[in-house]
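Close look at the chain arrangement
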Amino acid sequence: MPSKASDDDPEKARRFREAALPYLDDAYTLARYLLRNADDAEDAVQECYLRAYRHFDSYRGPAMKPWLFAILRNVCRAEYARRAATPTSAIEDVPESAEQAPLWHEAGETPEAQLQRRWDSETIRRLVAALAEPFRETFVLREIQNLSYREIAEVAEVPVGTVMSRLARARAMLRSAWLAEEEQQK
Amino acid sequence: MTCDEAEALLHALIDGELDAGHTREVENHIAGCPRCAAALRDYRAMSKMIAEAGVHYTAPLALRQRIEAALPRPQAAPNRRAVLRGFAMGSAVSALAATGLVAIVLRRDDVERIQSEVVSAHLRSLQAGHLTDVVSTDQHTVKPWFNGKLDVAPPVIDLTAQGFTLVGGRLDYVDARAIGAVVYKRRQHIINLFVAQTANTERRSAKIETVQGFNIRHWSDRGLNYWAVSDLASDELAEFGEKFEATARTHREG
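These numbers were taken from a predicted model, which means no experiment stands behind them. (Residues numbered from 1 in each chain as written. Chains lettered and ligands numbered in written order. Predicted model: local features only at pLDDT ≥ 70, side-chain atom pairs only at ≥ 80, totals over all residues.)

A word on the overall build of chain A. Along the backbone of chain A there are 10 helices and zero strands. Listing every helix and strand of chain A by position from the N terminus yields α-α-α-α-α-α-α-α-α-α. Classification of the 186 residues of chain A by burial places 42% in the buried group. Expressed as a percentage of contacts within chain A between residues at least 6 apart in sequence, the contacts between residues at least 24 apart total 69%. (Helix = DSSP H or I, 4+ residues; strand = E, 2+ residues; numbered from the N terminus. Buried ≥ 20, exposed ≤ 12 C-beta atoms within 10 Å, placed from the backbone. Contact = placed C-beta atoms within 7 Å.)

This brings us to the overall build of chain B. Along the backbone of chain B there are eight helices and seven strands. For chain B, with 254 residues in total, the buried portion stands at 28%. Across chain B, the fraction of contacts at a sequence separation of at least 24, relative to all contacts at a separation of at least 6, is 53%.

This part covers the environment of Ile179 of chain B. Here Ile179 of chain B is to be found in strand E3 (residues 177-186). Taking the C-alpha atoms as reference points, Ile179 of chain B and Gln197 of chain B, 18 residues apart in sequence, are found 8.6 Å from one another.

Axes are the key here: two packed helices are described by the angle between their axes and the distance separating the axes. Residue and element names in this part refer to chain A. As a packed pair, helix H4 (residues 64-85) and helix H9 (residues 149-156) sit with axes 8 Å apart at the nearest point and diverge in direction by 30 degrees. Considering the angle they form, H4 stands roughly parallel to H9. Crossing of H4 over H9 shows right-handed handedness. Counting all contacts with H4, which are made through Pro66, Phe69, Ala70 and Arg73, the residues of H9 involved are Glu151, Glu154 and Val155. Residues that form the contact of H4 with H9 fall into these classes: four nonpolar, no polar and three charged. (Axes fitted to C-alpha atoms, helices over the stretch in contact; angles between N-to-C directions. Parallel < 35°, antiparallel > 145°, perpendicular 65-115°, else oblique. Left-handed = near helix turned anticlockwise from the far one by under 90°. Nonpolar A, V, L, I, M, F, W, Y, C, P; charged D, E, K, R; others polar.)

With that settled, the discussion passes to the pairing of strand E2 (residues 165-174) of chain B. Residues and elements named next belong to chain B. Of all 10 residues that make up E2, seven are buried, and the element is covered over most of its length. Examined bridge by bridge, strand E1 (residues 134-135) and E2 share two bridges and lie antiparallel to one another. Looking across to E2, one finds that Val134 is bridged to Gly169. Examined bridge by bridge, E2 and E3 share nine bridges and lie antiparallel to one another. (Pairing = 2+ DSSP bridges.)

Residues and elements named next belong to chain A. Across its 12 residues, helix H8 (residues 133-144) extends 15 Å between first and last C-alpha, which sits within 8% of the 16 Å expected from 1.5 Å per residue. Burial analysis of H8 places nine of its 12 residues in the buried class, which makes it a mostly covered element. Taken together, the buried positions of H8 are Phe135, Glu137, Thr138, Phe139, Val140, Leu141, Arg142, Glu143 and Ile144. Of the residues one or two after H8, Asn146 is the one with positive phi, at around 60 degrees. (Expected span 1.5 Å × (residues − 1).)

Right, let's get into the pairing of strand E4 (residues 189-197) of chain B. Residues and elements named next belong to chain B. Taken together, the seven bridges between E3 and E4 define a ladder with antiparallel strand orientation. Opposite Val183, over in E4, you have Asn192 as the bridge partner. As consecutive antiparallel partners, E3 and E4 are separated by two residues, and within that stretch Arg187 has a phi angle of approximately 50 degrees, a positive value. Summarising the sheet, E4 and strand E7 (residues 224-230) pair through seven bridges and their orientation is antiparallel. Bridge pairing links Ile191 to Ser230 in E7.

Residue and element names in this part refer to chain B. For helix H7 (residues 139-146), the set of buried residues is Val142, Trp145 and Phe146. Within H7, the buried residues cover an arc of 95 degrees as seen down the axis, which keeps them to one side. In H7, the exposed positions angled more than 90 degrees off the buried face are occupied by His140 and Pro144. If you follow the buried residues of H7, they end up packed against E1, E2 and E3. (Arc of directions from axis to C-beta.)

Our next topic: unusual backbone geometry. Trans peptide bonds make up most of the peptide bonds, and negative phi angles are found at most residues other than glycine. Residues and elements named next belong to chain B. One non-glycine residue, Gln212, lies in positive phi territory at about 50 degrees. Structurally, Gln212 is set in the loop between strand E5 (204-211) and strand E6 (214-221). Under the C-beta neighbour-count criterion, Gln212 is labelled exposed, with 11 such atoms within 10 Å. With phi around 50 degrees, Arg222 is a residue other than glycine that occupies positive phi space.

Residue and element names in this part refer to chain A. The predicted model of chain A averages 80 in pLDDT, with 77% of residues at 70 or higher. Predicted confidence for residues 1-5 stays below pLDDT 50, and this span has nine contacts to residues more than four positions away or in other chains. This model gives residues 89-112 a pLDDT under 50, and the stretch forms 35 contacts once residues within four places in sequence are excluded. (pLDDT = per-residue confidence, 0-100.)

Rendered as structure tokens:
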């Protein structure tokens, strides 16, 4: 059986490289948003790729990105569990930006006034990072990673309806922050 | 449509996930509701702003290098021990097999790539010693050989009486996964019949296309995708496919 690949099969490694490495930045981006910490994100992505390589034989394509993301999400959840078990590090892991999180109050809506203010990328990153976990995950998978609802549902292991409600909630919170900031500028 | 209903569907509209009927309903509501119109406008502006701001991160070079280093190089002598050390961590990925991720749905843009991969696999198989992993003209030997090597064993049908000799079976790789290949011969021409699982159970009738000088007859039936590849003339390959499908039908009914 010449084509039955083992972990040290160079042909398998070549196929894996071609299929999975193009998504390294995407995976790292997702890990950064999920874990809110650069070092942990690196570790998680490395672990994700090693697991993915080991399970590459059972990969059933064609969408490599959500497949990698599902693995990465499991790795990140293990990291959440580890943080929960070590309370001190859990507090340290909360980035200082979370302290400055906007108040998610419903801003007085001004339907006629177009929102003018543009956020720079750092502001967006900070606000997205401040979203609560399930909303943040769904929002990042949709707005930053461009996954379809179906793909998000598969990665997050929830029904599509849940994806829609989480996304609606995440967007509503960010919009409130945006509107609130707009009000302050006045 | 109420504002609550519209708000729930606004997002699907923005994301292009809404069907035509609901799109019309939401748009009708928005036309008469400044509040929902403002929400839609803001959400769209927000998506655009995020897309334009560039909020991706770039993986550090060191991370890329560490991952590269953990994969076996094509030139280097394989060192199983080193690789296994790197992969000593446990895993929860087997649960993945239960999710819809394993479903194989061929997108339009994948069709051409897969055709070319099928032809490459056919060409590889013609090199000396690569044609078969199991050599047998007996379908009752070839079929069980596949069991346990693939999620779904391909149907192995003896077509000797119809002029196509069963030669054996082989594991191959197409679209980055293991796939069964059943090998037939007519005169000196080899036919590779590649069989893969598909999520789509509807029957798709056969199409013959020519890729790199080889003919491919592709069809789907009962959750399986078939590609018959050969340098046989297209009418003879069509005959092969028809005989295969007809015999498969008789087997099911018998």
